[in-house]
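# Architecture at a glance
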There are 2 protein chains.
Amino acid sequence: MFSQSEENYLKAIYHLSLISNKGISTNSIAERLETKASSVTDMIKKLSEKEVVVYKKYKGVKLTDLGTKIAANIVRKHRLWEVFLVDKLNFSWDEVHDVAEQLEHIKSEKLVDQIDAFLGFPTHDPHGDPIPNKEGDLKIVEKSLLSTLSKNEKGICIGVDDSSSEFLQFLDKKGITLGKQITVLEKEEFDDSLSIIINDKKMSISNKIANNLYIKKS
Amino acid sequence: MFSQSEENYLKAIYHLSLISNKGISTNSIAERLETKASSVTDMIKKLSEKEVVVYKKYKGVKLTDLGTKIAANIVRKHRLWEVFLVDKLNFSWDEVHDVAEQLEHIKSEKLVDQIDAFLGFPTHDPHGDPIPNKEGDLKIVEKSLLSTLSKNEKGICIGVDDSSSEFLQFLDKKGITLGKQITVLEKEEFDDSLSIIINDKKMSISNKIANNLYIKKS
DNA sequence: AAATATTTTTAGGTTAGACTAAAAATATTA
DNA sequence: TAATATTTTTAGTCTAACCTAAAAATATTT
Ligand SMILES: [Mn+2]
Ligand SMILES: [Mn+2]
Ligand SMILES: [Mn+2]
Ligand SMILES: [Mn+2]
């Protein structure tokens, strides 16, 4: 059995591994968990003892198959709970993350299975992130940052990179939600801002926004 | 903010206070939480610092108004989650307690309010225990142990004292569930066992069972 | 009221998980 | 390559929440 803290470390390493697939550095874990590198080293040793990570001093850390499965299961729970909160309890997508951070640690396999069924076996969470299946696998969907689209390309908004409540609320205000079609009308050389059409309305989008919005090209 | 452990102590004291209304003894808390008396003394001092209990050395402990409110809120969450598990996720009444022990510590006022509404503002949990309202009040319902009924008295089964899964499963097997009518046909002097009618069927009930089943006389 | 038993507190330890500061290893730059 | 910078580890503390053993207070018997 893993403590809440151990689970958070596993999850952090899991997320960092999706980008780099090299050994995950002590510092990057520390930064993600808002803790100190020395604390990370301590914990890594413990996780290594428990055979959920492989650790070589100064060389970073990697999840074992077991570690990956455990981490994916926590992410699965996190995302299922987020769907539950939005679909069943009228939370908005910018309110769910902190509660899901707590709920993801509840230990009950039956609970997860039943929530999954109750929600109709959702494949994605409210932020467009895929929900791992019981075995821990998740299918990667082809997605591009809005900022990478060229003039006259279009696609469907399918996810966010930054899912802070500030960003999500900003998107709400602009009428940008998942599933909406976006067409790029113009790309400004000067500041990399975009002129787009969404909801049959033309609007200007800064590069910072376009760098945090995922599009499925169509 | 209170830690999980602090919350468990408050809840234990709250439950013990419903019976005795005198100072709650160190030993009784230790027994309920399956910990040692010395640990209880430590924690009591901390809770006293935080002004949720009043503590006089050797004289036991009492919840303050604040402490009572906090404890009642944890009980409220516990019981709401139990209703959720049974009503929405097809758990049976003997499976919910351990999961609710975890869920009761999730911190989100909105979550509790929404679950409450989602469940239709239930007044009782699956074991017949009343759910405190937002202010922490709960209405006490007149109830009698089955063992206190005399020959030819009858009533509705409205709760259990022991809610261990063994006992609950035993009741299931016997067809005894909340809401059922029970009529006492005979009371044996010898072993205090009862002959009762439930579901139009006559059956014999041991004193141990009759001592753990609450009836609303009718 | 003494003697005895029980309960409660105190004193002193342990462990998990954090921290700071300093040492050691690795990476970068000159 | 040598000097410098950065990253990582080690060493030593701290706190929350537990523990055991012994001392102190209270309760119960004789
Ligand atoms: Mn989230
Ligand atoms: Mn999410
Ligand atoms: Mn319960
Ligand atoms: Mn209950």
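What comes next is a walk through the structure. A quick note: this is a predicted structure, and the numbers were derived from the prediction, not measured.

### Side note on the interface of chain B and chain A
Across the boundary between the two partners, chain B contributes 20 residues, which contact 20 residues of chain A. Contact between chain B and chain A buries roughly 1700 Å² in total, counting both sides, with carbon and sulfur atoms accounting for 69%. The largest per-residue losses of area from chain B upon contact with chain A belong to Leu89(B), Gln102(B) and Lys110(B), which jointly make up 28% of the total buried on that side. Scanning the region where chain B abuts chain A turns up 2 salt bridges. Here Lys110(A) makes a salt bridge to Glu95(B), at a shortest N to O gap of 3.0 Å.

### Let's talk about the relation of the copies chain B and chain A
When chain B is fitted onto chain A, the two copies agree to an RMSD of 0.1 Å after a turn of 180 degrees and an axial shift of 0.0 Å. In short, the pair behaves as if placed about a two-fold rotation axis. Across chain B, the rotation axis passes nearest the C-alpha of Leu103(B), at a separation of 3.8 Å. A symmetric contact is evident, with 100% of the interface residues of chain B recurring at the interface of chain A.

### Digging into the pairing of strand S5 (residues 181-187) of chain B
All names here are of chain B. As judged from the 3 bridges shared by strand S4 (residues 154-160) and S5, these two strands associate in the antiparallel manner. Bridging from a neighbouring strand, Ile156 pairs with Gln181 of S5. Between S5 and strand S6 (residues 194-198), which pair antiparallel one after the other, the connecting turn spans 6 residues, and Asp192 there sits at a positive phi close to 60 degrees.

### Section: the sheet that holds S6(B)
Residue and element names in this part refer to chain B. One open sheet holds the 6 strands; their spatial order is S3-S8-S4-S5-S6-S7, and the pairing between them is antiparallel. One side of each edge strand has no neighbouring strand; the edge strands of this open sheet are strand S3 (144-145) and strand S7 (201-205). With 2 bridges connecting them, S3 and strand S8 (residues 213-217) associate as antiparallel partners. Looking at the pairing, Leu145 lines up with Tyr214 of S8.

### Observations regarding the packing of aromatic side chains
Here the structure, examined in full by the defined rule, presents 7 aromatic pairs over all chains. Their ring planes at 85 degrees and their centres at 6.5 Å tell us that Phe118(A) and Phe84(B) sit as a pair that is edge-to-face. Linking Phe118(A) in helix H6 (residues 109-118) with Phe84(B) in helix H4 (residues 65-89), this pair reaches from one chain into another. The class of Phe118(A) is partly exposed, set by a relative accessible area of 24%. Pairwise contacts between aromatic rings join Trp81(A), Phe84(A), Phe118(A), Trp81(B), Phe84(B) and Phe118(B) into one cluster. If you follow Lys50(B) out to its NZ or CZ, it ends over the ring of Phe2(B), 5.0 Å from the centre.

### Some points on helix H4 (residues 65-89) of chain A
Along an α-helix, a turn takes 3.6 residues, which lines up residues three or four apart on a common side. Helix length check: H4(A), at 25 residues, gives a terminal C-alpha distance of 35 Å against a target of 36 Å (1.5 Å per residue), a fit within 8%. Remark: Asn90(A) follows H4(A) within two positions and exhibits a positive phi of approximately 60 degrees.

### Thoughts on the coordination of the manganese ion (ligand 4)
All names here are of chain B. The coordination sphere of the manganese ion (ligand 4), as far as protein atoms go, consists of Glu82 (OE), Asp125 (OD) and His127 (ND1), spread over 2.2 to 2.3 Å. The distance between the manganese ion (ligand 4) and the manganese ion (ligand 3) is 3.4 Å, with Glu82 acting as a donor to both metals. Each member of the pair Asp125 and His127 is classed as buried.

### Digging into the packing of helix H1 (residues 4-20) of chain B against helix H2 (residues 26-33) of chain B
Residues and elements named next belong to chain B. Contact geometry of H1 with H2 gives a least axis separation of 10 Å together with a crossing angle of 115 degrees. With respect to the hand of their crossing, H1 and H2 are arranged in right-handed fashion. Note on element contacts: H2 touches H1 through Ser28, Ile29, Arg32 and Leu33, opposite Asn8, Tyr9, Ala12, Ile13, His15 and Leu16. Within the contact of H1 with H2, the residues separate by chemical class into 6 nonpolar, 3 polar and 1 charged.

### Topic: the coordination of the manganese ion (ligand 1)
Tetrahedral coordination by four donors puts the ideal angle at the metal at 109.5 degrees, and octahedral coordination by six puts it at 90 or 180 degrees. Residues and elements named next belong to chain A. At the metal site, the manganese ion (ligand 1) is ligated by His78 (NE2), Glu82 (OE) and His97 (ND1), and these contacts range over 2.0 to 2.2 Å. When the donors of the manganese ion (ligand 1) are listed by position in the chain, the intervening gaps give H-x3-E-x14-H. The distance between the manganese ion (ligand 1) and the manganese ion (ligand 2) comes to 3.4 Å, and Glu82 binds to both of them. Pair noted here: His78 and Glu82 are both in helix H4, with a separation of 4 residues, about one helical turn. Given the relative accessible area of 1%, Glu82 is considered buried.

How each quantity is defined
- Residues numbered from 1 in each chain as written.
- Chains lettered and ligands numbered in written order.
- Predicted model: local features only at pLDDT ≥ 70, side-chain atom pairs only at ≥ 80, totals over all residues.
- Heavy atoms only, no water.
- Contact = heavy atoms within 4.5 Å.
- Buried area = accessible area lost by both parts, 1.4 Å probe.
- Salt bridge = Lys/Arg side-chain N within 4 Å of Asp/Glu carboxyl O.
- Least-squares fit on C-alpha atoms with pLDDT ≥ 70 in both.
- Pairing = 2+ DSSP bridges.
- Helix = DSSP H or I, 4+ residues; strand = E, 2+ residues; numbered from the N terminus.
- Phe/Tyr/Trp six-rings, centres within 6.5 Å; stacked < 30°, edge-to-face > 60°.
- Buried < 20%, exposed > 50% of the residue type's maximum accessible area, 1.4 Å probe, protein only.
- Lys NZ or Arg CZ within 6 Å of the ring centre and 35° of its normal.
- Expected span 1.5 Å × (residues − 1).
- Donors = N, O, S within 2.8 Å, 3.2 Å for Na, K, Ca; no water.
- Axes fitted to C-alpha atoms, helices over the stretch in contact; angles between N-to-C directions.
- Left-handed = near helix turned anticlockwise from the far one by under 90°.
- Nonpolar A, V, L, I, M, F, W, Y, C, P; charged D, E, K, R; others polar.

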